[in-house]
Amino acid sequence: AQSVTQPDIHITVSEGASLELRCNYSYGATPYLFWYVQSPGQGLQLLLKYFSGDTLVQGIKGFEAEFKRSQSSFNLRKPSVHWSDAAEYFCAVALNAGNMLTFGGGTRLMVKP
Amino acid sequence: DTAVSQTPKYLVTQMGNDKSIKCEQNLGHDTMYWYKQDSKKFLKIMFSYNNKELIINETVPNRFSPKSPDKAHLNLHINSLELGDSAVYFCASSQKRGPSYNEQFFGPGTRLTVL
């Protein structure tokens with residue numbers, strides 16, 4: 001069965017610092033990969049997705065993610081964090097297009113002034 | 001314009017009751033989903049519904065049943081509510097064609113509390 005691991009439950013960074021959130025997946029083939037953000041009390045918003053092609057994908061709000069097949073990873077990055085980025089971030093995979101998402105456990109990002 | 005809407009936003013009820021949560025999407029999508037987010041923020045798929053095809057996560061108790069009156073709605077019925085059903089339930093939708101291919105759009109969630 002496929003699984004998604006986000007090793008960091010909590011991360012705290014200073015405003016303006018760079019950010020990297022880790023995501024590893026376990027599946028025989030390359031799944032479809034996603035990052036979602038959930039602000040407190042809100043639903044989930046898609047940040048970016050990877051289906052195929054260029055392994056570095058750009059998303060909204062200045063985020064990017066890099067797919068590394070050899071490491072089964074899809075880490076999310078942002079060069080300079082803003083206080084408004086404080087939220088819960090979820091990595092997710094789907095076996096194929098249209099399939100149900102399997103989510104990682106989430107990483108809570110806190111931003112220090 | 002709300003893309004995926006859910007009602008109610010909050011639902012507090014007693015154990016043993018039967019309740020429903022409604023979901024509507026105005027995106028013209030052909031697939032809808034229900035997810036459960038527990039108190040530890042862990043998100044888990046419950047159902048996927050595409051026209052006449054219902055895919056059920058085998059771990060979901062049969063007290064939970066999705067009902068789709070039409071393509072834009074996928075309601076969640078829960079019978080004999082238990083304390084462990086307390087969670088936030090998210091509806092989502094996606095389209096198998098077009099520019100937002102397979103991108104799932106989520107509703108704002110319904111926080112269910114069972115007393």
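As a starting point, this report considers the structure included with it. (Residues numbered from 1 in each chain as written. Chains lettered and ligands numbered in written order. Predicted model: local features only at pLDDT ≥ 70, side-chain atom pairs only at ≥ 80, totals over all residues. Heavy atoms only, no water.)

It is worth spelling out the overall build of chain B at this point. Broken down by element type, chain B carries 0 helices and 11 strands. Starting at the N terminus, the α and β elements of chain B follow one another as β-β-β-β-β-β-β-β-β-β-β. By the compact-globule yardstick of 13 Å for 115 residues, chain B fits well, its C-alpha radius of gyration being 14 Å. Taken over the C-alpha atoms alone, chain B extends approximately 45 × 30 × 25 Å along its principal axes. Residues counted as buried form 45% of the 115 residues belonging to chain B. The contacts in chain B between residues at least 6 apart in sequence include a share of 55% that link residues at least 24 apart. Summing over all exposed atoms, chain B offers an accessible surface of approximately 6,000 Å²; the carbon and sulfur share of this is 51%. (Helix = DSSP H or I, 4+ residues; strand = E, 2+ residues; numbered from the N terminus. Rg over C-alpha atoms; globule rule 2.2 N^0.38 Å. Buried < 20%, exposed > 50% of the residue type's maximum accessible area, 1.4 Å probe, protein only. Contact = heavy atoms within 4.5 Å. Areas by Shrake-Rupley, 256 points an atom, 1.4 Å probe, with all protein chains shown as cover.)

Residue and element names in this part refer to chain B. One open sheet holds the 4 strands; their spatial order is β1-β3-β8-β7, and the pairing between them is antiparallel. Edge strands, defined here as strands with exactly one partner in the open sheet, are β1 (4-7) and β7 (64-67). If you compare each strand with its neighbour and ignore which way they point, the axes differ by 20° on average. Alignment of β7 against strand β8 (residues 75-78), held across 4 bridges, turns out to be antiparallel. Following the sheet pairing, Phe 64 is matched in β8 by Ile 78. (Pairing = 2+ DSSP bridges. Axes fitted to C-alpha atoms, helices over the stretch in contact; angles between N-to-C directions.)

Listed by partner, the interface residues are 24 residues for chain A and 22 residues for chain B. Summing both sides of the interface, chain A and chain B together bury roughly 1,800 Å²; the carbon and sulfur share of this comes to 59%. Viewed at the interface, chain B and chain A are joined by 1 salt bridge. Note that A:Lys49 is salt-bridged to B:Glu103, the shortest N-O span being 3.9 Å. No other element matches strand β5 (residues 32-38) of chain A, which puts 4 residues into the side of chain A that touches chain B. A breakdown of the residues in the side of chain A that touches chain B according to their chemical character gives 12 nonpolar, 9 polar and 3 charged. (Buried area = accessible area lost by both parts, 1.4 Å probe. Salt bridge = Lys/Arg side-chain N within 4 Å of Asp/Glu carboxyl O. Nonpolar A, V, L, I, M, F, W, Y, C, P; charged D, E, K, R; others polar.)

Following the sequence through the fold, B:Glu103 ends up in the loop between β9 (87-94) and β10 (105-106). Overall, B:Glu103 belongs to the buried group, its relative accessible area being 16%. Each C-alpha atom, one on B:Glu103 and one on B:Val12, is 31 Å from the other, the two residues being 91 residues apart in sequence. Aside from chain neighbours lying at most four places away, what touches B:Glu103 is A:Leu46, A:Lys49, B:Ser93 and B:Ser94.

Throughout the structure, instances matching the rule amount to 2 disulfides over all chains. A sulfur-sulfur separation of 1.9 Å characterises the disulfide bridge that pairs A:Cys23 with A:Cys91. Its S-S torsion of about -65° marks the bond between A:Cys23 and A:Cys91 as left-handed, since a negative value means left-handed. In this pair, A:Cys23 is assigned in the loop between β3 (19-21) and β4 (24-26) and A:Cys91 in strand β10 (residues 87-94), connecting sequence segments 68 residues apart. Taken as a pair, A:Cys23 and A:Cys91 share a single burial class, namely buried. A sulfur-sulfur distance of 1.8 Å marks the disulfide that ties B:Cys23 to B:Cys91. The disulfide joining B:Cys23 to B:Cys91 has a torsion of about -75° about its S-S bond and is therefore left-handed. One end of the pair, B:Cys23, is in strand β3 (residues 19-25); the other, B:Cys91, is in strand β9, and 68 residues separate them in sequence. Grouping residues by exposure puts B:Cys23 and B:Cys91 together as buried. (Disulfide = S-S within 2.5 Å.)

The subject of this paragraph is the pairing of strand β6 (residues 44-50) of chain A. Residues and elements named next belong to chain A. The element β6 is extensively covered by neighbouring structure, given that 5 of its 7 residues are classed as buried. Sheet analysis places β5 next to β6, joined by 6 bridges and oriented antiparallel. By the bridge assignment for β6, Val 37 is matched with Gln 45. In this structure, the hairpin formed by β5 and β6 is closed by a connection of 5 residues, where Gly 41 is found at a positive phi of approximately 70°.

By themselves these figures say nothing about function.
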